[in-house]
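Residues per chain are reported as follows:
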Amino acid sequence: MRYDEVLKYIEERNKLGSVPGLDNILGLLRRLGNLEKGIPAFHIAGTNGKGSIMAYVETVLIEAGYKVGRYISPTIIDYRERWQINKEYMPKRDCGQIMGRIIEEVGRMEEAGEGRPTSFEIETAAAFLWFKKKGCNIILIECGMGGGLDATNVFTETPIDVLASISFDHMQFLGNTLTAITKEKLGIVKKCDILVSYPQTAEPKKAVDKLVKKNGMDDGRYFEADPAELSDVNDGMFGSTFTYKNEKYEIKLAGAAQVYNAITAIEAIEAFNSIAAKYGLRKVPKRLVKKGLKDTGWQGRFSVLSKDPLFIVDGAHNSDAWEKLEKDVRKYFTNKKLVFIIGVLRDKEYDKMLKLLTPVMASAITVTTDSPRALDGGVLAELIQERGVPATYAKSIKEAVRLAKQQVGELSTADNGKTEAGKAAKVKADDCVIIACGTLSFVGDIIKTVK
């Protein structure tokens, strides 16, 4: 199968939507020989921070000499980004061969009346087939949404489950309380597993503690990132330094939340070290943990795309992420003029986003993102204007970036020539900041346009 045929097939398959449940994916994997078995795995669920935590773990394991397969969703740059081995995308030729094999089996499955796998289930099966074929030592698998009924929840035994930050998102599928959402995310945890948790807020933590007790995981199979062990934290726009359990670390991912993501990754590596010998693998020494964390990059998470003007892109797409973004913006950009490029999905709590972010906006450019769930950018502009912020609707990402840069020029020189302060403003390169946020669905287009 050619790569372009794969893209066409998936585009058509996406129209079928998603179906909660595991019958289709388990049936497909049985037909393929249960490829999910036999490779040590990290399986991560959560609302925010899944990608960053696994990026840290991935870099550390690669630094330690392992061949690491990673399956992620959603992607922001390229379709093949969802399948990576040691950070290299699946080659187009491999994608055609692997997906072609899976799609053939899907056809037989449908002919036999044994189910109709979704595109995500097909892509998940393709990840296991490619990782197995290429001889990965360890695989990192991220839930698409939820946990218990997510198509990635196919392991009979996952050595290490990781729970990222829990907050409100996808409530129509996962529940309207943090307890319900946490229980669904914890559906990936089998009784024999090891669990690693991000420092949760009170309600999710209560649900986690209940599961730990029920499964008897307090016998050394539960690892929790502990903020009480943090000290000397110096977080900044271009990275952070901190001490955790008396060891000094440095990361280059920006934002206060990244320190918590990093210590969760540290605990995940500690969990791995506790069982490495069981799988004939080497422990990861502390020096490689430190180097891996320091070298980790992750696009679209408070990422600096340019410095003149300063241009930040952040994939914040739910209320918890927007709250963290708002705190970072107020901390790093005090007294700056902020021009926002914003696109959101209509099934998100965008009213909360506007309540948080419009007070810090000098102006906004809105877009309609490339998603069937996108909120019309013209409607979004009107909502922002109603809150007293100038807003302009752009018909494309390219136009939005151009208009944002134009507004930066207008804002920074608005007083130029009239006062001494105005003259000074012209030469201050950091007077204004552009921030693109609201959804992951346009992050890739923003990055490609700016860079």
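A quick note: this is a predicted structure, and the numbers were derived from the prediction, not measured.

K.L.:
Just checking my understanding: could you explain the pattern of salt bridges for this structure?
P.N.:
One side chain can pair with another of opposite charge once the charged atoms of both are near each other. Applying the stated criterion across every chain yields a total of 30 salt bridges. Residues participating in the shared-partner salt-bridge network are R31, R101, E104, E105, R108 and E114.

K.L.:
Looking at this structure, how should I read the side chain of Q258?
P.N.:
Turning to its location among the elements, Q258 is positioned in helix α9 (residues 257-275). On the basis of relative accessible area, Q258 is assigned to the buried category, the value being 6%. At a separation of 3.0 Å, a polar atom in the side chain of Q258 contacts the side chain of S52. Residues contacting Q258, with those up to four places away along its chain left out, are S52, Y56, I251, L253 and R301.

K.L.:
What exactly am I supposed to notice about the packing of aromatic side chains here?
P.N.:
A full pass over the atoms with the stated rule returns 11 aromatic pairs. Relative to F272, the ring of Y66 lies with its centre 5.9 Å away and its plane at 80°, an arrangement referred to as edge-to-face. Placement of Y66 in the loop between α3 (50-63) and β2 (68-71) and of F272 in helix α9 is noted, with a sequence separation of 206 residues between them. We note that Y66, like F272, is buried. A connected cluster of aromatic rings, assembled from ring pairs, spans F42, Y66 and F272. Its guanidinium or amino end placed over the ring of Y3, R80 lies 5.7 Å from that ring's centre, counting from NZ or CZ. Seen from the ring of Y66, R282 lies directly overhead, with NZ or CZ sitting 4.8 Å from the centre.

K.L.:
Is there a simple way to think about the pairing of strand β13 (residues 310-313) in this case?
P.N.:
The side chains of a regular strand alternate between the sheet's two faces. Here β13 shows no split at all, with L310 and I312 on one side and F311 and V313 on the other all buried. Note that β13 and strand β17 (residues 432-437) share four bridges and pair parallel. When the sheet's bridge partners are listed, V313 is paired in β17 with A436.

K.L.:
Can you help me understand the packing of helix α1 (residues 3-14) against helix α4 (residues 92-111) in this one?
P.N.:
A pair of packed helices is characterised by two quantities: the angle between their axes and the separation of those axes. Contact pair α1 / α4: the axes reach a minimum separation of 9 Å and the direction vectors enclose 45°. Viewed along their axes, α1 and α4 adopt a mutual orientation that is oblique. Once α1 is placed against α4, the crossing between them reads as left-handed. Facing Y3, V6, Y9, I10 and R13 of α1, the residues of α4 in contact are K92, C95, G96, M99, I103, V106 and E110. When the residues that make up the contact of α1 with α4 are grouped by side-chain class, the tally is eight nonpolar, one polar and three charged.

Criteria and cut-off values
Residues numbered from 1 in each chain as written. Predicted model: local features only at pLDDT ≥ 70, side-chain atom pairs only at ≥ 80, totals over all residues. Heavy atoms only, no water. Salt bridge = Lys/Arg side-chain N within 4 Å of Asp/Glu carboxyl O. Helix = DSSP H or I, 4+ residues; strand = E, 2+ residues; numbered from the N terminus. Buried < 20%, exposed > 50% of the residue type's maximum accessible area, 1.4 Å probe, protein only. Polar contact = N/O pair within 3.5 Å; in protein donor to acceptor, adjacent residues only side chain to side chain. Contact = heavy atoms within 4.5 Å. Phe/Tyr/Trp six-rings, centres within 6.5 Å; stacked < 30°, edge-to-face > 60°. Lys NZ or Arg CZ within 6 Å of the ring centre and 35° of its normal. Pairing = 2+ DSSP bridges. Axes fitted to C-alpha atoms, helices over the stretch in contact; angles between N-to-C directions. Parallel < 35°, antiparallel > 145°, perpendicular 65-115°, else oblique. Left-handed = near helix turned anticlockwise from the far one by under 90°. Nonpolar A, V, L, I, M, F, W, Y, C, P; charged D, E, K, R; others polar.

The values reported here are purely geometric and, on their own, carry no functional implication.
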